[in-house]
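An overview of the molecular structure
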Amino acid sequence: MTHKQATIAVRSGLNNDEQFGCVVPPITLSSTYNFTDFNQPRAHDYSRRGNPTRDMVQRALAELEGGAGAVMTSSGMSAIHLVCTVFLQPGDLLLAPHDCYGGSYRLFDSLSKRGAYRVKFIDQGDEQALQAALAEKPKLVLIETPSNPLLRVVDIAAICQAAHQAGALCVVDNTFMSPALQQPLLLGADLVVHSCTKYLNGHSDVVAGTVISKDAETATELAWWANNIGVTGAAFDSYLLLRGIRTLNPRIRQQQSNAEAIVAYLQQQPLVKKLYYPGLPENQGHEIACRQQKGFGAMLSFELDGDEATLRRFLSNLDLFTLAESLGGVESLISHAATMTHAGMAAEARAAAGISETLLRISVGIEDSEDLIASLEHAFQSAAKR
Ligand SMILES: *Cc1c(COP(=O)(O)O)cnc(C)c1O
C-alpha cells in the first residue's frame, strides 16, 4: 500500500530493529563490517560505500520525492558537484539559471574555467533566451525555483519538456520548497538535488545534501560515483537528518502559515517599498506557483524604504529574527543580500539582477506569529525614528 507523504516522513525506517525491537532505528557508526567467512562479504563492507543509517535516510528521501533512489551527500554543494561529475564531460554544456544559488554559480564558474565542462547562465523565464540556449544542445539543465533572494518562479514542466526535446537531462534544485511543497520528478525532471541543510533537516544543526533520481539505474550510477569520489554523508548527519524529516510536514505548515501572516502585515507597512512572495496575486510567478507548488513556502524578501542608517536601526531592533545566512530552520532568520548572501557579486551585477541595497530576505520559523509580527513592528518603529 502506498502512503501519503506526511505518513512516509514519520514512519520511514521505523521498527526495523530485530535485536531490541527499537521503534526508532539505532544509529550505526561503524566504519567497517566483518566478513562472515573467507570471501564472504555482507551487504555492507565499508561506510563510505554503504551505511545502514544512511541507507535509511536515502530511502526516506527517495520516497518523499517520488524517486527510485537517493544518495545522501556531505553537503548540498557536493550533491550538485556529484550530478555535474556524473553527467558532464569536458566540452559538455550546462545550462544554469542566471540567478542560481551563489555557491552553485561559483562552482560552475570555477570548474568551467578549468575545462571540466562549459556553462551558460540564462534567465529561464525568458522563453526566447531558453530556446536559443537549448539550440546549443546542452547536456544538462539545472532549474532552481523559487530563486534566491527574489523568489522568482519558473515553469518546471515546460522547461523539462523543452530540455528533453533538445536531448538534455533536467535536474531541479528543490531546496527552497522541500518535497512537502513541490515534487519536480512528478513534473518531468530526471533528478532532484537538495541542500538538506535547509528545510529537510530543519533544525540548523546539520550540513548535508542529496541527489534523488527518477530511475533506478541512474540511482545506482550516482551511488557508485558518490563512493568513488567520497562525497557520501556521515552516519551522525544521516541520523539527525532522518530525525528532522519526521516533522517536515508540520514544520512547513506552521512556517508557511506564519509567512502568510507576516506578508499580510508587511503589505500595510509604509517602510516596505517592495515585497516579494509568490503567494501574492500580483507576484510575477504567482500563476505558475499555483500550478506546480502545493503552497507558497516560507521564504520572502522585501526592500526597506530608506538608507543604510534606516537598515541598521531596523536590524539592530529586530530581536526575533536572527541576522544570519541559511534558511529552513525552526527559528526565523533574516539576511541582507548585498552584504551577506550576495556580497560576492559586484554592486552593478546586483543592481542588474534587481537586488537592491536594502533588500532583506526572511526565512520564517515556527515561533508564534503574533510575536514575530510584534518584533517586526518594533523594528520598523525604531527604523522610522531618526
Ligand atoms: C544552501 C543551498 C545550497 C548549498 O547547500 P549546502 O548544504 O550549503 O552545501 C544549494 N542550493 C540552494 C538553493 C541552497 O539554498
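Residues numbered from 1 in each chain as written. Predicted model: local features only at pLDDT ≥ 70, side-chain atom pairs only at ≥ 80, totals over all residues. Heavy atoms only, no water.

A look at the site of the ligand
Around the ligand, the surrounding shell holds 13 residues, and the nearest of these are Met77, Asp173, Ser195, Thr197 and Lys198. Taking Lys198, its side chain carries an N or O atom lying 2.8 Å from an oxygen atom of the ligand. For the ligand, whose free accessible area comes to 380 Å², the fraction covered by protein is 92%. Ranked by the residues each element gives to the shell around the ligand, the list is headed by helix H3 (residues 76–87), at three residues. Partitioning the shell around the ligand into residue classes produces five nonpolar, five polar and three charged. (Near = heavy atom within 4 Å. Polar contact = N/O pair within 3.5 Å; in protein donor to acceptor, adjacent residues only side chain to side chain. Areas by Shrake-Rupley, 256 points an atom, 1.4 Å probe, with all protein chains shown as cover. Helix = DSSP H or I, 4+ residues; strand = E, 2+ residues; numbered from the N terminus. Nonpolar A, V, L, I, M, F, W, Y, C, P; charged D, E, K, R; others polar.)

Focus on unusual backbone geometry
A cis amide bond, omega -5°, links Thr145 with the succeeding residue Pro146. By secondary structure assignment, the location of Pro146 is in the loop between strand S4 (140–144) and helix H6 (156–165). Of the consecutive residues Asn148 and Pro149, the connecting peptide bond is found in the cis state with omega at 0°. By the secondary structure assignment, Pro149 is in the loop between S4 and H6. For Ser178, which is not a glycine, the phi torsion comes out positive at approximately 70°. Examined against the element boundaries, Ser178 turns out to sit in the loop between strand S5 (169–173) and strand S6 (191–195). At Ser326, a position not held by glycine, the phi torsion is positive, near 75°.

Considering the nonpolar core
Of all hydrophobic cores here, the largest spans 75 residues; its most connected members are Leu300, Phe302, Phe314 and Phe380. Considering each element in turn, this core owes the most residues, seven residues, to helix H9 (residues 248–267). By size, the runner-up hydrophobic cluster in this structure holds 24 residues, among which are Val83, Cys84, Leu107 and Val211. (Core = buried A, V, L, I, M, F, W, Y, C linked by side-chain atoms within 4.5 Å. Buried < 20%, exposed > 50% of the residue type's maximum accessible area, 1.4 Å probe, protein only.)

Here we look at a negative patch on the surface
A surface patch of like charges, here negative, comprises Asp319, Asp368, Glu370 and Asp371. Among the secondary structure elements, Glu370 is positioned in helix H13 (residues 369–384). For Glu370, a relative accessible area of 63% translates into the label exposed. (Patch = residues over 30% accessible without salt bridge, like charges linked within 9 Å, V, L, I, M, F, W, Y side chains within 5 Å. Salt bridge = Lys/Arg side-chain N within 4 Å of Asp/Glu carboxyl O. Lys, Arg positive; Asp, Glu negative; His and termini not counted. Charge placed at Lys NZ, Arg CZ, Asp CG, Glu CD.)

Brief notes about H3
In this model, H3 (twelve residues) spans 17 Å end to end at C-alpha, consistent with the 16 Å of a helix rising 1.5 Å per residue. H3 sits mainly inside the fold: nine of its twelve residues count as buried. Gly76, Ser78, Ala79, Ile80, Leu82, Val83, Cys84, Val86 and Phe87 are the residues of H3 that are buried. (Expected span 1.5 Å × (residues − 1).)

Notes on the UniProt feature "modified residue: N6-(pyridoxal phosphate)lysine" (unreviewed entry) in the protein
Annotation from UniProt places "modified residue: N6-(pyridoxal phosphate)lysine" (unreviewed entry) at Lys198. With respect to the element layout, Lys198 can be found in the loop between S6 and strand S7 (209–213). (UniProt positions renumbered as here; feature names shortened; annotations may be inferred.)

Remarks on the packing of H9 against H13
Running from amino to carboxyl end, H9 crosses H13 at an angle of 30°, the nearest separation of the two axes being 9 Å. Taken together, the axes of H9 and H13 are roughly parallel relative to one another. With respect to the hand of their crossing, H9 and H13 are arranged in right-handed fashion. For the pair H9 and H13, the contacting residues are Asn258, Ala261, Ile262, Tyr265 and Leu266 in the first and Ser369, Leu372, Ile373, Leu376, Glu377 and Phe380 in the second. (Axes fitted to C-alpha atoms, helices over the stretch in contact; angles between N-to-C directions. Parallel < 35°, antiparallel > 145°, perpendicular 65-115°, else oblique. Left-handed = near helix turned anticlockwise from the far one by under 90°. Contact = heavy atoms within 4.5 Å.)

With respect to the sheet that holds strand S1 (residues 69–73)
The sheet built from seven strands is open, its strands ordered S1-S7-S6-S5-S4-S2-S3 with mixed pairing. Of all strands in the sheet, those with a lone pairing partner are S1 and strand S3 (118–122), marking the two edges. The mean inter-strand angle of the sheet, taken between neighbouring strand axes irrespective of direction, is 20°. Contacts from H3 reach S1, strand S2 (93–97), S4, S5, S6 and S7, with the element oriented near 150° to S6. In the packing of helix H7 (residues 216–229) onto the sheet, the strands contacted are S1, S6 and S7, and the crossing angle to S1 comes to about 20°. (Pairing = 2+ DSSP bridges.)

Digging into the packing of aromatic side chains
The full count for this structure, using the stated rule, is seven aromatic pairs. Aromatic side chains Tyr265 and Phe380 sit 6.2 Å apart centroid to centroid with 45° between the ring planes, which places their arrangement in the tilted category. Here Phe380 lies in helix H13 and Tyr265 lies in helix H9, a separation of 115 residues in the sequence. As far as burial versus exposure is concerned, Tyr265 and Phe380 are alike and both buried. (Phe/Tyr/Trp six-rings, centres within 6.5 Å; stacked < 30°, edge-to-face > 60°.)

Description of the sheet that holds strand S10 (residues 322–323)
Pairing in this open sheet of five strands is mixed, and the strands run S8-S9-S12-S11-S10 from one edge to the other. Edge positions in the open sheet fall to strand S8 (272–276) and S10, since each of these has one partner strand only. Bridge count between strand S9 (residues 299–304) and strand S12 (residues 359–363): five bridges; the pairing is antiparallel. Counted as the bridge partner of Phe302 is Leu360 from S12.

Focus: the environment of Leu320
Relative to the elements of secondary structure, Leu320 occurs in the loop between helix H11 (308–316) and S10. The sequence separation of Leu320 and Ser375 amounts to 55 residues, and the corresponding C-alpha distance is 6.1 Å. With residues up to four places along the chain from it excluded, the contact list for Leu320 reads Ser332, Glu367, Asp371, Leu372 and Ser375.

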